Amino acid sequence: MRNIKYIVIHCTATPPLTPVAAIQNYWRTQLHWKNPGYHYILPADGTIQQLLDEELVANGVAGYNNVCIHVSYIGGVDGDNNPQDTRTLSQKAAMYYMVCVLREKYPAAVIQGHRDFPGVHKACPSFNVKDWLKEFIP
Ligand SMILES: [Zn+2]
């Protein structure tokens, strides 16, 4: 099993209704990635789609991917492409469910946002993950 040190929360930085296939297509054709950016992607309707086996390495955070599981909601920007937490209630529920499942599986892993890694100059996931988790996990 991989040594998972981080469960990383992302946004896709796309409009909230962007289809999963369009995002995958962008990774393949524009970025030339062999593996997806994330293990799990969460569309606005609250569903959860697994894009990659957890044992395989995704492309979420350069330099850390070997020790990460990546989870992303679709959205994260407003109409002008500025960072905004666009999560629907269903998406928040799906995200919390994923955090619980992964936390049980990887109890030693730190749960944090993409922007919480050193040297990252992105707003991803457009909200403060640790503050959000405090609502659930004391
Ligand atoms: Zn990210």
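Residues numbered from 1 in each chain as written. Predicted model: local features only at pLDDT ≥ 70, side-chain atom pairs only at ≥ 80, totals over all residues. Heavy atoms only, no water.

### Considering the coordination of the zinc ion
- For the zinc ion, the full set of protein donor atoms is H10 (ND1), H114 (ND1) and C124 (SG), at a range of 2.0 to 2.3 Å.
- Mapping the donors of the zinc ion onto the primary sequence yields the spacing H-x103-H-x9-C. Of this pair, H10 sits in strand β1 (residues 6–11) while C124 sits in the loop between β5 (110–113) and α3 (129–134), and the two are 114 residues apart along the sequence. Of the two residues examined, H10 and C124, each falls in the buried class. (Donors = N, O, S within 2.8 Å, 3.2 Å for Na, K, Ca; no water. Helix = DSSP H or I, 4+ residues; strand = E, 2+ residues; numbered from the N terminus. Buried < 20%, exposed > 50% of the residue type's maximum accessible area, 1.4 Å probe, protein only.)

### A word on the nonpolar core
- Counting residues in each nonpolar core, the largest one holds 22 residues, and the members touching the most others are I9, L42, V71, M95, L102, I111 and F127.
- A total of five residues in this core trace back to one element, the largest contributor, which is helix α2 (residues 89–105).
- The contact partners of M95, leaving out residues within four places of it in the chain, are I9, L42, Y73, R87, F127 and W132.
- Formed by seven residues, the second largest nonpolar core is a distinct cluster that contains V20, W27, I41 and I74. (Core = buried A, V, L, I, M, F, W, Y, C linked by side-chain atoms within 4.5 Å. Contact = heavy atoms within 4.5 Å.)

### Description of the layout of surface pockets
- Counted as a void, the largest pocket has a volume near 450 Å³.
- Forming the boundary of the largest pocket are 25 residues, of which C11, T12, A13, Y38 and K122 lie nearest the centre.
- Put simply, the parts of the chain that give the lining of the largest pocket at least two residues each are β1 and α1 (20–29).
- Classifying every residue of the lining of the largest pocket gives 14 nonpolar, 10 polar and one charged. (1 Å grid on protein atoms, 1.4 Å probe; cavity = no way out; pocket = protein on both sides within 12 Å on 5 of 7 lines; lining within 4 Å. Points joined across faces, edges and corners; volume = space filled by probe spheres on them. Nonpolar A, V, L, I, M, F, W, Y, C, P; charged D, E, K, R; others polar.)

### Topic: the environment of M98
- Along the chain, M98 turns up in helix α2.
- Put simply, M98 and I7 are 91 residues apart on the chain and 9.9 Å apart in space, counted from C-alpha to C-alpha.
- Setting aside residues no more than four positions away along its own chain, M98 makes contact with Y40, L42, I48 and V71.

### Overview of α1
- Residues V20, I23 and W27 constitute the buried set of α1. Taken end-on, α1 shows its buried residues confined to a sector of 70 degrees, consistent with a single buried face. Exposed side of α1, more than 90 degrees from the buried face: A21 and R28 are the residues found there.
- Tucked inside the fold, the buried residues of α1 contact β2 (40–42) and β3 (49–50). (Arc of directions from axis to C-beta.)

### Here's the deal with the pairing of β1
- In terms of burial, β1 is a largely internal element, five of the six residues being buried.
- Bridge count for β1 against β5 is four bridges, and the pairing is parallel. Looking at the pairing, Y6 lines up with V110 of β5. (Pairing = 2+ DSSP bridges.)

### Considering the UniProt feature "domain: N-acetylmuramoyl-L-alanine amidase" (unreviewed entry) in the chain
- On the UniProt side, "domain: N-acetylmuramoyl-L-alanine amidase" (unreviewed entry) is annotated at positions that read residues 2–126 here.
- With 22% helix and 17% strand, residues 2–126 has its two end C-alpha atoms placed 28 Å apart. (UniProt positions renumbered as here; feature names shortened; annotations may be inferred.)

### A short note on the sheet that holds β1
- Strand order in this open sheet of five strands is β3-β2-β4-β1-β5, and the pairing throughout is mixed. Taken across any chain shown, the strands that pair with only one partner, and hence form the sheet edges, are β3 and β5.
- Sheet contacts for α2: β1, β2, β4 (68–73) and β5; angle to β2, the most-contacted strand, approximately 160 degrees. (Axes fitted to C-alpha atoms, helices over the stretch in contact; angles between N-to-C directions.)

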